[in-house]
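# Residue-level structure breakdown
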There are 2 protein chains.
Amino acid sequence: MTRSLTRVGIVGGGQLGRMLAQAGAPLDLRFTFLDPGSEPCASAHGEHLQADWQDPAALEQLVETCDAITFEFENVPFEAVERLAERRPAYPPAQALATARDRWLEKSLFRSLDIAVPPIARIDSQADLDAAVADIGLPAVVKTRTMGYDGKGQKVMREAGDVAGTFDELGGVPLILEGFVDFDHEISAIAVRARDGEIRYWPVVRNEHRQGILHCSIPQTAHALQAQAEDYASRVMNELDYVGVMAFEFFVTADGLLANEIAPRVHNSGHWSIEGAVTSQFENHVRAVTDLPLGETAQLAPCAMLNIIGAFPEREAVLALPGTRWHDYGKAPRPGRKIGHITVLAVDERQLGERVAAVESLLVNDLG
Amino acid sequence: MTRSLTRVGIVGGGQLGRMLAQAGAPLDLRFTFLDPGSEPCASAHGEHLQADWQDPAALEQLVETCDAITFEFENVPFEAVERLAERRPAYPPAQALATARDRWLEKSLFRSLDIAVPPIARIDSQADLDAAVADIGLPAVVKTRTMGYDGKGQKVMREAGDVAGTFDELGGVPLILEGFVDFDHEISAIAVRARDGEIRYWPVVRNEHRQGILHCSIPQTAHALQAQAEDYASRVMNELDYVGVMAFEFFVTADGLLANEIAPRVHNSGHWSIEGAVTSQFENHVRAVTDLPLGETAQLAPCAMLNIIGAFPEREAVLALPGTRWHDYGKAPRPGRKIGHITVLAVDERQLGERVAAVESLLVNDLG
C-alpha cells in the first residue's frame, strides 16, 4: 500500500465516535479514539488511546498521529482544545465547546444574536434564586450551568416550598433558572458547517422524551418553522466560526421557536439520517473536519429513530418487523444507558406510524 | 463487557468482505477474514488470518473462532467448504459454490429448471468446438468453464478463421461455447434466501459494461421482467437450498429473459443498495448467514452505482456534486482493478441522469 491514509482523532470513544467511524469507513478514513475507558465501544472501529481526555502525553500522541481532530462531547477543557488546534485542524472550535457546555453562556449567545429564549436568570446564590423566582415565577427549572445531561443535575420547582435550600441541594455550583414555557412540541435542528463557511441543514426533527431521555425522533419534511430554525442555526454557527455538525433544540410555541440548547456535535436526534438522508450527520461531520465537500442532506424516505435504553428488546423480533434497522453500540446494558437505537423506514406517514407502534410494543427500555 | 459477540468468518478479504463487515458493524457483529494477502483491504474492519484459502490449520482456526462462515467468492474447493459446514453454519452451501464456478454446471442447472439460456455447448476438445460452431454458428464466445471473470479467460469468434486452434489457445482446459443472442440490455437480479427458505428480491438492475467490466448499475423500480427474474431466481435458490445473497445475470430479449450466469455472493451490481434500499445486499447476507430475519429490500430513491476502476477521479470534485457517496475500498490502484464505487442518489429519473452524467465526466477509469 503506497497510499497515504487520513486519520481522524476523536476525543471520546462512545457511540457517537463509533458511528462517526462507521460513516468514515467507506471513505477509507481511519480513526483514533482518546478515551480513559478500558474498552470504549468505539474501539471496535479504530485505534484506542487509553488516557484521560486532558492527559498531555496522550494529546501529544493524538496530534502526532492524526490529520484532524474532533470531539464526541463538549466537556473538554478550553485550553486543551486550543493546544490541539495550534498543531492540527481541531473542530469544533474551543469557543463553541466552551459555550455549549455552559447553559448560561449558551443562552447569552442566543440573546446576543436576537434568538428568542425562554425566561432565564443566572443563579450564583440562594439569594439570586429567590429573586429570580420572584421575577419569573413558578413553575421553573434550575439546572447546573455545566455537566448536566439527560435530566441529570436539575430540579423542577413547582411551589414556593420547593425553592428554599435548592442552591445548596444542587451542590452550591453556578446554576441557571429557566421559566416554564407553553410549547406545543420540541424539535431539533441538525446542521453542518464546512471550513469554507457553507452550511447545510437536515429537516428538523420532532422529539419525544421520556423521563428526560430522548425516546423517539421523527424528521419533519415540511415543518412550518424549518426556515426559522435554519436562520437561528446559521446565526450561531457563523458567530462561532463553527466547523462540523451542531444540534439545536427548540421549543415550538405559538410565537415561533424558543432556543433551548445546542450540542456542538452529532446528536441523538440526528441518528435517523444514517438510513433516512442522502448523507448522514456522521458522514457530513467527518467530511467537514477533514475538509471534504459537504454531502446532500435531503431526506430519502419517511422514517423515525427509537432509542434502546437500559435493556435490549428481542433483536430477532425487531428485525422481523418491516423497515427496521438495528444499531447496537456494543455497550453493556445498564439502567438508563443508551445502548442502541432502531431506525424505522416506511413509504408514507401512515405506514410509519404503524411501524413505529409495532417497534415500540417490543421495547423494554429500562430508564433507571 | 459480559455480552457474547457473534463472529462471522469470511473466506476472502477483498472489498466484498470489507463491505460485509461495514454492514455488520451496526449489528455489533465481528469479522475474521481468511486471506493469503499481507494486508487485504477488508482487514481494516476485522481480524485477518493470513493463509491460503485451503490451509487446513487456518480453516480449523476459522471454525474454532467463528460462529458462522461465509465466502467472498466461489473458487473455494468443494471439500474445504464441506469440512467447514460439518462444524459450523457455512453458507452458501458447497454445492452452490461448485455450480457457480463452473459455467457448464451453471447452465445445466438453468436448463434442468426450465430456465431459458442462450445456445450453449460443452467443449472438451477442438473437435467439440468445431462441431459446436457448425451447430450453433458464429459469432460465438468460448469461455473457460472455471475461473474466468471480468472478460478474462474467454475469446470471441466472429469468422471461421477464428475457430482453429482456439481450444489450445485457451489452455486446453474444459470450455463452454455460448452462441450470441440478440438482446436489448443486460439486467441482474439480486436476491437473498434465509435459512428458513424465505426469499427476498431487490429491484432488478440494468447494467452497462465497458471492456467486459461493469461500469454502471441502475436499479429499475418497475421493470417489465421483474416477476420473471424473481421466478427464475427462486427456482435456482430453492434447488440449491441456498442461504445468503445470490446474483443472477440475465439478457433481456424480445422473448423474455435468458439466464447468463449466477454469482453465489453479494455482487457488484447490488452495491447501490447500501444507500438506495431499506436494507442492503451486504446487511441481508450477514443477516441470512447469522440466522437473523431478512430486512426489507424496497428501493428508497432513484439511484445508480458507478465503478471506480484503475484510477481514482478527484475525490473532492466528485463529493462536491449533489447526491454522491464515495466508497474507497482501500486498495492500491492498478489498471483494470476495481478500487471503489460511487453511489448517485436523486429525486427522479431525469435528475438521476444528469447527476450520473456529471459523475461520469469526472471518472478517469483505467481499464487496463
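Residues numbered from 1 in each chain as written. Chains lettered and ligands numbered in written order. Predicted model: local features only at pLDDT ≥ 70, side-chain atom pairs only at ≥ 80, totals over all residues. Heavy atoms only, no water.

- The name given to chain A in an unreviewed UniProt entry is N5-carboxyaminoimidazole ribonucleotide synthase, with Salinicola rhizosphaerae as the source organism.
- The Subunit (unreviewed entry) field of the UniProt record for chain A holds the comment "Homodimer."
- Looking at chain A in UniProt, the text filed under Catalytic activity (unreviewed entry) is "5-amino-1-(5-phospho-beta-D-ribosyl)imidazole + hydrogencarbonate + ATP = 5-carboxyamino-1-(5-phospho-D-ribosyl)imidazole + ADP + phosphate + 2 H(+)". (UniProt positions renumbered as here; feature names shortened; annotations may be inferred.)

## Regarding the pairing of strand β17 (residues 324-328) of chain B
Residues and elements named next belong to chain B.
- With five of its five residues buried, β17 lies for the most part within the structure.
- Because side chains alternate across β17, one face comprises the buried residues Thr324, Trp326 and Asp328, and the other comprises Arg325 and His327, equally buried.
- Here β17 runs beside strand β18 (residues 338-345); their pairing, made up of five bridges, is antiparallel. The residue bridging Trp326 from the neighbouring strand is Ile342, located in β18. (Buried < 20%, exposed > 50% of the residue type's maximum accessible area, 1.4 Å probe, protein only. Helix = DSSP H or I, 4+ residues; strand = E, 2+ residues; numbered from the N terminus. Pairing = 2+ DSSP bridges.)

## A word on the domain arrangement of chain A
Residues and elements named next belong to chain A.
- Taken as a whole, chain A is organised into domain 1 (7-91), domain 2 (119-179) and domain 3 (185-360).
- Between the C-alpha centres of domain 1 and domain 3 the distance comes to 22 Å.
- Taken residue by residue, the interface counts 19 residues in domain 1 and 20 residues in domain 3.
- Its largest share of buried area at the contact with domain 3, domain 1 owes to Gln15, Met19 and Tyr91, together 31% of the area lost on that side.
- On the surface where domain 1 and domain 3 come into contact, there are one salt bridge.
- Where Glu74 meets Arg265, a salt bridge forms, and the shortest distance between an N and an O atom there is 3.2 Å.
- Summed over the shared surface of domain 1 and domain 3, the number is five residue pairs in polar contact (both at pLDDT 80 or more).
- Secondary-structure elements contributing two or more residues to the side of domain 1 that touches domain 3 are α1 (15-24) and β4 (68-71).
- Of the residues contributing to the side of domain 1 that touches domain 3, the split by class is 14 nonpolar, two polar and three charged. (Domains from an automatic or database assignment. Contact = heavy atoms within 4.5 Å. Buried area = accessible area lost by both parts, 1.4 Å probe. Salt bridge = Lys/Arg side-chain N within 4 Å of Asp/Glu carboxyl O. Polar contact = N/O pair within 3.5 Å; in protein donor to acceptor, adjacent residues only side chain to side chain. Nonpolar A, V, L, I, M, F, W, Y, C, P; charged D, E, K, R; others polar.)

## Comments concerning the interface of chain B and chain A
- Taken together, the contacts link 41 residues of chain B with 41 residues of chain A.
- Both sides of the chain B and chain A interface together cover about 3,600 Å² of buried area, and 53% of this is carbon and sulfur.
- Across the contact surface, chain B and chain A share six salt bridges.
- Summed over the shared surface of chain B and chain A, the result is 16 residue pairs in polar contact (both at pLDDT 80 or more).
- Taken together, the elements giving at least two residues each to the side of chain B that touches chain A come down to α1 (15-24), α10 (281-289), α11 (315-319) and β17 of chain B.
- In terms of residues, the side of chain B that touches chain A owes the most to one element, β17 of chain B, which gives five residues.
- Partitioned by chemical class, the residues of the side of chain B that touches chain A number 19 nonpolar, seven polar and 15 charged.

## Some remarks on the sheet that holds strand β2 (residues 30-35) of chain A
All names here are of chain A.
- Taken in spatial order, the five strands make up an open sheet running β3-β2-β1-β4-β5, and their pairing is parallel. This sheet does not close on itself; its edge strands, each paired only once, are β3 (47-50) and β5 (90-91).
- Sheet topology places strand β1 (residues 7-11) next to β2; five bridges connect them, and they run parallel. If you follow Ile10 over to β2, its bridge partner there is Phe33.
- Contacts from helix α2 (residues 56-65) reach β1, β2, β3 and β4 within the one sheet, and its direction differs from that of β2 by about 170 degrees. (Axes fitted to C-alpha atoms, helices over the stretch in contact; angles between N-to-C directions.)

## Some thoughts on the sheet that holds strand β7 (residues 140-144) of chain B
Residue and element names in this part refer to chain B.
- Reading across the sheet, the four strands line up as β6-β9-β7-β8 and stay open at both edges, with antiparallel pairing between neighbours. Looking at which strands have only one partner, the edges of the open sheet turn out to be β6 (120-123) and β8 (154-157). Across the sheet, the mean angle from the axis of one strand to that of its neighbour is 20 degrees, orientation sign disregarded.
- Note that β7 and strand β9 (residues 175-179) share five bridges and pair antiparallel. Counterpart to Ala140 in the pairing with β9 is Gly179.
- On the sheet, helix α5 (residues 103-112) packs against β6, β7 and β9 and is oriented at approximately 140 degrees with respect to β6.

## Some details on the environment of His209 of chain B
Residues and elements named next belong to chain B.
- With respect to the secondary-structure elements, His209 resides in strand β12 (residues 205-210).
- Note on His209: relative accessible area 32%, which makes it partly exposed.
- In this structure the C-alpha to C-alpha distance between His209 and Glu186, which are 23 residues apart in sequence, comes to 9.1 Å.
- Beyond its immediate sequence surroundings of up to four residues, His209 is in contact with Glu186, Leu214 and His215.

## Structural notes on the packing of aromatic side chains
- Counted under the stated rule, the structure contains twelve aromatic pairs over all chains.
- Summarising the aromatic geometry, the rings of Phe248 of chain A and Phe250 of chain A are spaced 6.3 Å apart at their centres and angled 5 degrees between planes, so their arrangement reads as stacked.
- Taking 4.5 Å as the distance between ring centres and 35 degrees as the angle between the ring planes, the aromatic pair formed by Phe183 of chain B and Phe251 of chain B counts as tilted. Of the two residues, Phe183 of chain B is situated in the loop between β9 and β10 (185-193) and Phe251 of chain B in strand β14 (residues 244-253); the sequence distance between them amounts to 68 residues.
- Assessed through its relative accessible area of 12%, Phe251 of chain B is described here as buried.
- Clustering of aromatic rings is evident, with ring pairs tying together Tyr232, Phe248 and Phe250 of chain A. (Phe/Tyr/Trp six-rings, centres within 6.5 Å; stacked < 30°, edge-to-face > 60°.)

## Regarding the packing of α1 of chain B against α10 of chain B
Residue and element names in this part refer to chain B.
- Two numbers describe how α1 lies on α10: the axes approach to 8 Å, and their chain directions differ by 80 degrees. Classified by the angle between their axes, α1 and α10 sit roughly perpendicular to one another. Of the residues in α10, those in contact with Leu16, Met19, Leu20 and Ala23 of α1 are Phe282, Glu283, His285 and Val286.
- Counted by class, the contact of α1 with α10 contains six nonpolar, one polar and one charged residues. (Parallel < 35°, antiparallel > 145°, perpendicular 65-115°, else oblique.)

## Focus on helix α6 (residues 126-136) of chain A
Residues and elements named next belong to chain A.
- Those residues of α6 that fall on the buried side of the exposure criterion are Leu129, Ala132 and Val133. Down the axis of α6, the buried side of the element spans an arc of 100 degrees, and every buried residue falls inside it. Among the exposed residues of α6, those oriented more than 90 degrees off its buried face are Ala127, Ala134 and Asp135.
- Buried-residue contacts for α6 involve β6 (120-123), β7 (140-144), β8 (154-157), α7 (166-169) and β9 (175-179). (Arc of directions from axis to C-beta.)

## What to know about the pattern of salt bridges
- Throughout the structure, instances matching the rule amount to 44 salt bridges over all chains.
- Residues Glu178 of chain A and Lys143 of chain A are paired through a salt bridge, measuring 3.2 Å at the closest nitrogen-oxygen approach. Here the residue Glu178 of chain A occupies a position in strand β9, and Lys143 of chain A occupies one in strand β7, the gap between them amounting to 35 residues.
- On the basis of relative accessible area, Lys143 of chain A is assigned to the buried category, the value being 9%.
- The network of salt bridges with common partners includes Glu275 and Arg325 of chain A together with Glu283 and Arg287 of chain B.

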